[in-house]
Amino acid sequence: MKIAIKNMVCPRCIQAVSQVFAAMGITPLDVRLGEVIISQPLTETQYVELQRQLEMLGFELLDDQQQQLVEKIKSIIIQHVHQREDNQFPFTSVLQNELHKEYSQLSKLFSEKEGVTIEHYVILQRMEKVKELLSYNELTLSEIAYRLGYSSVAYLSAQFKKITGLTPSQFKSLGINLRKPIDNL
């Protein structure tokens, strides 16, 4: 049985959700971004307790099939942008292949549920990754642009300014944390 969970966006989220299940005495078959697979259905009491425990950590159980699909789309994008550093990926193909649905159908649903296009969501995720990499001060802007699949530093800088209102240099020189949690984008 699959249990869909909203706001699982990183390996620490997987660990936190795993700990909730362990504390409840439930051993999942698999825990991954956005979902947990268990061997037996939960009782009503277990479901209510799971929901309470997860909400205390900022997660949410999802019952709506369409919202579950939107969360899967988000998880795939977040995984590619933030964990795989695989930003040369053609997200239209990746989403179609992983979700076995036409991209136009996924795009329409995502826009209806989230109020932004998938393309814009990918840009927002990439900009948060740029902020993260800039704050580490380990890579040049050219290296960041290449790593994130931008064709040029100028294009990355223009997109960064459009989204944040700052140039990458201004962001870096401010030295303050203007990053947003990736599950709030």
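Calculation criteria
The residue count restarts for each chain, going from 1 along the sequence in the order it is written. At least 70 in pLDDT is required for a residue's local features to be given in this predicted model, at least 80 for side-chain atom pairs to be given and counted, and no such filter applies to totals for whole chains, interfaces and linings, which use all residues. By convention in this description, side-chain values take in all heavy atoms of the structure and omit both hydrogens and water. Numbered from the N terminus, helices here are DSSP runs of H or I no shorter than four residues, and strands are runs of E no shorter than two. Summary of the burial criterion: residues with accessible area below 20% of their type's maximum are buried, those above 50% are exposed, and those between are partly exposed, where the area comes from a 1.4 Å probe applied to protein chains only. Throughout, a contact is declared for two residues whenever any of their heavy atoms are within 4.5 Å. Each accessible area is a Shrake-Rupley estimate made with a 1.4 Å probe; only the visible protein chains count as cover when residues are assessed. Note on definitions: salt bridges are taken to be side-chain nitrogens of Lys or Arg within 4 Å of carboxyl oxygens of Asp or Glu. Pairing between two strands requires that DSSP report at least two bridges joining them. Only C-alpha atoms enter the line fits that serve as axes; for helices the fit covers just the stretch in contact. Angles between N-to-C directions range over 0 to 180 degrees. Pairing of aromatic side chains here covers Phe, Tyr and the six-membered ring of Trp, requires ring centres within 6.5 Å, and sorts the geometry by plane angle: under 30 degrees stacked, over 60 edge-to-face, intermediate tilted. We call a charge positioned above a ring when the Lys NZ or Arg CZ atom is no farther than 6 Å from the ring centre and deviates by at most 35 degrees from the ring normal. Nonpolar cores were defined as sets of buried Ala, Val, Leu, Ile, Met, Phe, Trp, Tyr and Cys residues, with membership established by side-chain atoms within 4.5 Å. Expected helix span is taken as 1.5 Å per residue step, with the number of steps being one fewer than the number of residues.

**Side note on the overall build of the chain**
And then number 1: Helices and strands together make up the secondary structure of the chain, namely 9 helices and 4 strands.
And then number 2: Going residue by residue from the N terminus, the α and β elements of the chain occur as β-α-β-β-α-β-α-α-α-α-α-α-α.
And then number 3: With respect to the three principal axes, the spread of C-alpha positions in the chain is 55 × 35 × 25 Å.
And then number 4: Looking at the chain as a whole, 42% of its 185 residues qualify as buried.
And then number 5: Within the chain, contacts between residues at least 6 apart in sequence are counted, and of these 61% link residues at least 24 apart.
And then number 6: Accessible area of the chain: about 10200 Å², with a carbon and sulfur share of 50%.

**Some points on the pattern of salt bridges**
And then number 1: A full pass over the atoms with the stated rule returns 8 salt bridges.
And then number 2: K113 is the partner of D64 in a salt bridge, and the nearest nitrogen-oxygen pair spans 3.3 Å. Taken together, the residues span a long stretch of sequence, with D64 in the loop between β4 (60-62) and α3 (65-83) and K113 in helix α5 (residues 103-114) at a distance of 49 residues.
And then number 3: Residue E71 pairs with K74 through a salt bridge whose shortest N-O separation is 3.6 Å. One end of the pair is E71 and the other is K74, both in helix α3 and 3 residues apart, which spans about a single turn.

**As for the sheet that holds strand β1 (residues 2-6)**
And then number 1: Spatially, the 4 strands line up as an open sheet ordered β2-β3-β1-β4, and their pairing is antiparallel. Of all strands in the sheet, those with a lone pairing partner are β2 (30-32) and β4, marking the two edges. Mean inter-strand twist for the sheet, computed between neighbouring axes without regard to direction, equals 25°.
And then number 2: In the packing of helix α1 (residues 11-23) onto the sheet, the strands contacted are β1, β2 and β3 (35-37), and the crossing angle to β2 comes to about 145°.
And then number 3: Lying over the sheet, α3 contacts β1, β3 and β4, oriented at roughly 65° with respect to β1.

**A few points about the environment of L69**
And then number 1: In this structure, L69 sits in helix α3.
And then number 2: In this structure the C-alpha to C-alpha distance between L69 and L109, which are 40 residues apart in sequence, comes to 8.6 Å.
And then number 3: Excluding anything up to four places from it in sequence, L69 contacts L99, K101, L106 and L109.

**Quick notes on the packing of aromatic side chains**
And then number 1: Tallying each qualifying case throughout the model produces 4 aromatic pairs.
And then number 2: Taken together, a centroid distance of 5.6 Å and an interplanar angle of 55° make the contact between Y150 and Y155 tilted.
And then number 3: You can call Y155 partly exposed: its relative accessible area is 45%.
And then number 4: Above the face of the Y150 ring, R126 is positioned so that its terminal group lies 5.9 Å from the ring centre.

**Examining the side chain of E35**
And then number 1: Mapping E35 onto the fold places it in strand β3.
And then number 2: Note on E35: relative accessible area 8%, which makes it buried.
And then number 3: What E35 contacts, discounting residues up to four positions off in sequence, is K2, I3, A4, I5, M8, D30 and K72.

**A word on the nonpolar core**
And then number 1: Among the nonpolar cores identified, the biggest contains 36 residues, and I5, V17, F21, L95 and I118 are the most heavily contacted of them.
And then number 2: Broken down by secondary-structure element, the contributors of at least two residues to this core are β1, α1, α2 (44-56), α3, α4 (91-99), α5 and α6 (118-136).
And then number 3: Tallying contributions element by element places α3 first for this core, with 7 residues.
And then number 4: Setting aside chain neighbours within four positions, we find F21 in contact with I3, I5, I26, P28, V36, I38 and L50.

**Some words on α5**
And then number 1: Over its 12 residues, α5 extends 16 Å from the first C-alpha to the last, a length consistent with the 16 Å expected when each residue adds 1.5 Å.
And then number 2: All of the buried residues along α5 are Y103, L106, S107, L109 and F110.
And then number 3: Packing partners of the buried residues in α5 comprise α3, α4 and α6.

**Some details on α2**
In an α-helix, one full turn covers 3.6 residues, which means residues spaced three or four apart are oriented alike.
And then number 1: In a regular helix each residue adds 1.5 Å, so 13 residues correspond to 18 Å; α2 covers 19 Å between its end C-alpha atoms and thus fits that length.
And then number 2: Phi turns positive one or two residues past the end of α2, at G58, with a value near 95°.

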